[in-house]
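# Structure at a glance
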2 protein chains.
Amino acid sequence: MATLYHFPFCANSRFIRLVLAEMGMEPVLLEEKPWERRDDFLLINPAGSTPVMLEQSGLVIPGAGIIAEYLDETRGLGLSGRRMMPEGTADRVEVRRLLEWFLVKFESEVTGYLVTEKIAKRFMSMAEGGGPPDMHAIRAARTNVRYHLKYIGYLIARRRWIAGDHLTYADLAAAAHLSCVDYLGDVPWDEDETARDWYARVKSRPSFRSLLADRVPGMAPAAHYADLDF
Amino acid sequence: MATLYHFPFCANSRFIRLVLAEMGMEPVLLEEKPWERRDDFLLINPAGSTPVMLEQSGLVIPGAGIIAEYLDETRGLGLSGRRMMPEGTADRVEVRRLLEWFLVKFESEVTGYLVTEKIAKRFMSMAEGGGPPDMHAIRAARTNVRYHLKYIGYLIARRRWIAGDHLTYADLAAAAHLSCVDYLGDVPWDEDETARDWYARVKSRPSFRSLLADRVPGMAPAAHYADLDF
């Protein structure tokens, strides 16, 4: 059985939880607070970031994009029609482009700010960077999320799923990030119905259930967070 | 013949120039200033970032990591012993881990700050974000580069190349980033001889020549920049 070091509101960890659930794998989940910079964690991932997957063989696979490629190469063929990385060259470019869009760009423009300021800082000591949220960062994220939502709507108006005709890693990455922002009530869903309909489709998959059950201690989610017909 | 949209001091563009040269490919190079946000460029890469590769077939491949995977999948097998992405599962994880380390982490902690503040701002209008360099950003980058250099030294003390016994994408990505920082005179080479020896090895490869010929108009490189025995 594999182990996943994750933080429940790290969107890139959520993406890998979705991928593993879609593959029918049930990893041992170990919660890691990356800001603590635990020595034992830095030993297995010098970058200090979540998620990190640990195979029973001892092989360590750090980083969401790297875990996704690894899982496709080691388990993808067994999934046949449900494989989340397509086979065609141009299709692979498109899935990887959008995967990076959400895991790196959306993370640095939206989710990173919101999760750090609104969630992580509640649990950090002052030495770790804790304190009151920086409202400039929160406002920047709230501005940025609007064009990302519009971009998702633009894509979904032309395709059944984000990267094409089939559900791929790109859908799971996008939905994982939106789920963190949605917990905080910061997705302006009324601005793009097409994007909302797509999110409702992904959110109603069984793989999503455990994400919708996560709670930040002392901080309730937005009212519609776990509602499948929001 | 392929086309590469690049900016000469975008380290991720330099990485792809090195990869293409190692593969014996000579792309048409088109200089792109990403901060101008040209409409025609945004059409081929909505993320607005360099590098972007354009195949003669019309296929667009945006982003350094994605281009590297694409080139390995379409041309890698023809390189046999000179392939820069290994075949073994654990080796692939390690190359991708270090590739992401330099393309994303080093970029956001070192190269991004230095190239933006010291180079790009000289050519940006005020509306594009131009103006005097932010010394806080430059100081942060100069602090950060020291632990990255130490990490390269740590790896090279245990292996012939950064990710193992063979030259891989990880070496080219690390060297591409260091080459930008080195132009600006901001690599403290005297702090790590092991890292310096490895860089001298990569820098003396024929694929590196065109990088060493690049110049920022009105800004000479550090004295040893193009010197192979620095």
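With an unreviewed UniProt entry as reference, chain A is termed Glutathione S-transferase GST-6.0, source organism Methylobacterium symbioticum.

## A look at the environment of A:Trp198
Residues and elements named next belong to chain A. Assignment of secondary structure puts Trp198 in helix α7 (residues 193-203). Taking the C-alpha atoms as reference, Trp198 lies 9.8 Å from Ala157; in sequence the two are 41 residues apart. Apart from the residues within four sequence positions on either side, Trp198 is in contact with Ile152, Ile156, Trp161, Ile162, Asp171, Ala174, Ala175 and Leu178. Reaching out from Trp198, the side chain makes a polar contact with the side chain of Asp171 at a distance of 2.9 Å.

## Focus on the sheet that holds strand β1 (residues 3-6) of chain B
Residues and elements named next belong to chain B. In spatial order, the strands read β2-β1-β3-β4; together these four strands make up an open sheet with mixed pairing. The outermost strands of the open sheet, each flanked by one partner alone, are β2 (28-31) and β4 (60-62). Between one strand axis and the next, the sheet turns by 20 degrees as a mean value, whatever way the strands run. Along the sheet, helix α1 (residues 11-22) makes contact with β1, β2 and β3 (52-54), crossing β1 at roughly 155 degrees.

## Brief notes about the sheet that holds strand β1 (residues 3-6) of chain A
Residue and element names in this part refer to chain A. Read from one edge of the open sheet, four strands run β2-β1-β3-β4, paired in mixed fashion. On the outer flanks of this sheet lie β2 (28-31) and β4 (60-62), each paired with one strand and no other. Geometrically, the sheet is characterised by an average inter-axis angle of 20 degrees between neighbouring strands, direction not taken into account. With four bridges connecting them, β1 and β2 associate as parallel partners. Directly across from Tyr5, in β2, lies its bridge partner Leu30.

## Brief notes about the UniProt feature "domain: GST C-terminal" (unreviewed entry) in chain A
UniProt marks residues 88-225 of chain A with the feature "domain: GST C-terminal" (unreviewed entry), using the numbering shown here. From the first C-alpha to the last, residues 88-225 of chain A spans 36 Å; its make-up is 64% helix and 0% strand.

## A short note on unusual backbone geometry
Cis geometry is found at the peptide bond from A:Thr50 to A:Pro51, where omega equals -5 degrees. Secondary-structure assignment places A:Pro51 in the loop between α2 (39-44) and β3 (52-54). Even without a glycine there, the phi angle at B:Arg37 is positive, about 50 degrees. Structurally, B:Arg37 can be placed in the loop between β2 and α2 (39-44).

## Brief notes about the relation of the copies chain B and chain A
The operation relating chain B to chain A is a screw motion whose rotation component is 180 degrees, with 0.0 Å of axial translation and a residual RMSD of 0.0 Å. This pairing of chains is accounted for by a two-fold axis. Taking C-alpha positions as the reference, the residue of chain B nearest the rotation axis is B:Val104, at 4.1 Å.

## A look at the nonpolar core
All names here are of chain A. Core analysis: the largest hydrophobic core is formed by 76 residues, its most contacted members being Phe15, Met53, Leu71, Ile162, Tyr169 and Trp198. When contributions to this core are tallied by element, the ones reaching two or more residues are α1 (11-22), α3 (64-75), α4 (89-123), α5 (135-156), α6 (169-183), α7 and α8 (209-213). Counting residues per element, this core draws most heavily on α4, which supplies twelve residues. Counting the residues that make up this core, at least three belong to each of domain 1 (3-82) and domain 2 (89-208). In this structure, Phe15 is in contact with Ala64, Ala68, Leu99, Leu103, Tyr169, Leu172, Ala173 and Ala176, ignoring residues within four places of it in sequence.

## Notes on the pairing of β1(B)
Residues and elements named next belong to chain B. By the alternation rule, side chains of β1 split into Thr3 and Tyr5 and Leu4 and His6, which are all buried. Bridging between β1 and β3 involves three bridges; their strand directions are antiparallel. Note on β3: the bridge partner recorded for Leu4 is Met53.

## Some details on the domain arrangement of chain A
A common way to express how large an interface is: the accessible area buried when the components associate. All names here are of chain A. Partitioning chain A into structural domains gives domain 1 (3-82) and domain 2 (89-208). Just the C-alpha atoms count here: the centres of domain 1 and domain 2 sit 19 Å apart. With 20 residues of domain 1 at the contact, the number on the domain 2 side is 24 residues. Between domain 1 and domain 2, roughly 1,900 Å² of surface is buried when both sides are summed, and carbon and sulfur atoms account for 68% of that area. Its largest share of buried area at the contact with domain 2, domain 1 owes to Phe9, Leu18 and Trp35, together 35% of the area lost on that side.

## With respect to the interface of chain B and chain A
Of the residues lining the interface, 22 residues belong to chain B; the matching set on chain A comes to 22 residues. A combined buried area of about 1,900 Å² lies between chain B and chain A, and 72% of that area is made up of carbon and sulfur atoms. For chain B, the biggest contributors to the area lost against chain A are B:Ile66, B:Val93 and B:Arg96; these three give 27% of the whole. Put simply, chain B and chain A have six salt bridges between them. Put simply, A:Glu73 and B:Arg96 hold a salt bridge, and the shortest N to O gap is 2.9 Å. Inspection of the chain B/chain A interface yields four residue pairs in polar contact (both at pLDDT 80 or more). When residues of the side of chain B that touches chain A are traced back to their parent elements, those giving at least two are β4, α3 (64-75) and α4 (89-123) of chain B. Sorting elements by how many residues they give to the side of chain B that touches chain A places α4(B) first, with ten residues. By residue class, the composition of the side of chain B that touches chain A is 13 nonpolar, two polar and seven charged.

## Overview of α1(B)
All names here are of chain B. The end-to-end C-alpha separation of α1 is 16 Å, in line with the 16 Å expected for twelve residues at 1.5 Å each. Within α1, eleven of the twelve residues are buried, which leaves the element mostly enclosed by the surrounding structure. Listed in full, the buried residues belonging to α1 are Ala11, Asn12, Ser13, Arg14, Phe15, Ile16, Arg17, Leu18, Val19, Leu20 and Glu22. Phi turns positive, to about 75 degrees, at Gly24, one or two residues after α1.

Definitions and cut-offs
Counting restarts for each chain: residues are numbered from 1 in the order of the written sequence. Here the convention is simple: chains get letters from A, ligands get numbers from 1, in the order in which they are written. Whole-chain, interface and lining totals are the exception, using all residues; otherwise, since this is a predicted model, local features are given only for residues with pLDDT of at least 70 and side-chain atom pairs are given and counted only at 80 or more. In computing side-chain values, all of the structure's heavy atoms are included and hydrogens and water are not. We count a stretch as a helix when DSSP gives it H or I for four or more residues in a row; a strand needs E for two or more, and each element gets its number in order from the N terminus. Whether two residues are in contact is decided by their heavy atoms, any of which lying within 4.5 Å being enough. Here a polar contact is recorded for every N or O atom pair within 3.5 Å, except that within protein the pair must consist of a potential hydrogen donor and a potential acceptor, and residues adjacent in sequence are included only if both atoms are side-chain atoms. Only strands joined by at least two bridges in the DSSP assignment are considered to pair. Axis angles are defined between N-to-C directions and span 0 to 180 degrees, where every axis is a line fitted to C-alpha atoms and, for a helix, only to the segment in contact. UniProt positions are given in the numbering used here, feature names are shortened, and annotations may be inferred rather than shown by experiment. In this comparison the copies share one frame, found by least squares on the C-alpha atoms of residues holding pLDDT of at least 70 in both. Side-chain atoms within 4.5 Å are what join buried Ala, Val, Leu, Ile, Met, Phe, Trp, Tyr and Cys residues into a set we call a nonpolar core. Per-residue accessibility, obtained with a 1.4 Å probe over protein chains only, is compared with the maximum for each type, and a residue is labelled buried under 20%, exposed over 50%, and partly exposed between these values. Domain segmentation is taken from an automatic or database assignment of domains. The buried area of a pairing is the accessible area, by a 1.4 Å probe, that goes missing from both parts when the two are put together, added over both. Within this document, salt bridges are pairs made up of a side-chain nitrogen of Lys or Arg and a carboxyl oxygen of Asp or Glu, the two lying within 4 Å of each other. In this classification, Asp, Glu, Lys and Arg are treated as charged, Ala, Val, Leu, Ile, Met, Phe, Trp, Tyr, Cys and Pro as nonpolar, and every other residue, Gly included, as polar. How far a helix is expected to stretch is found by multiplying one less than its residue total by 1.5 Å.

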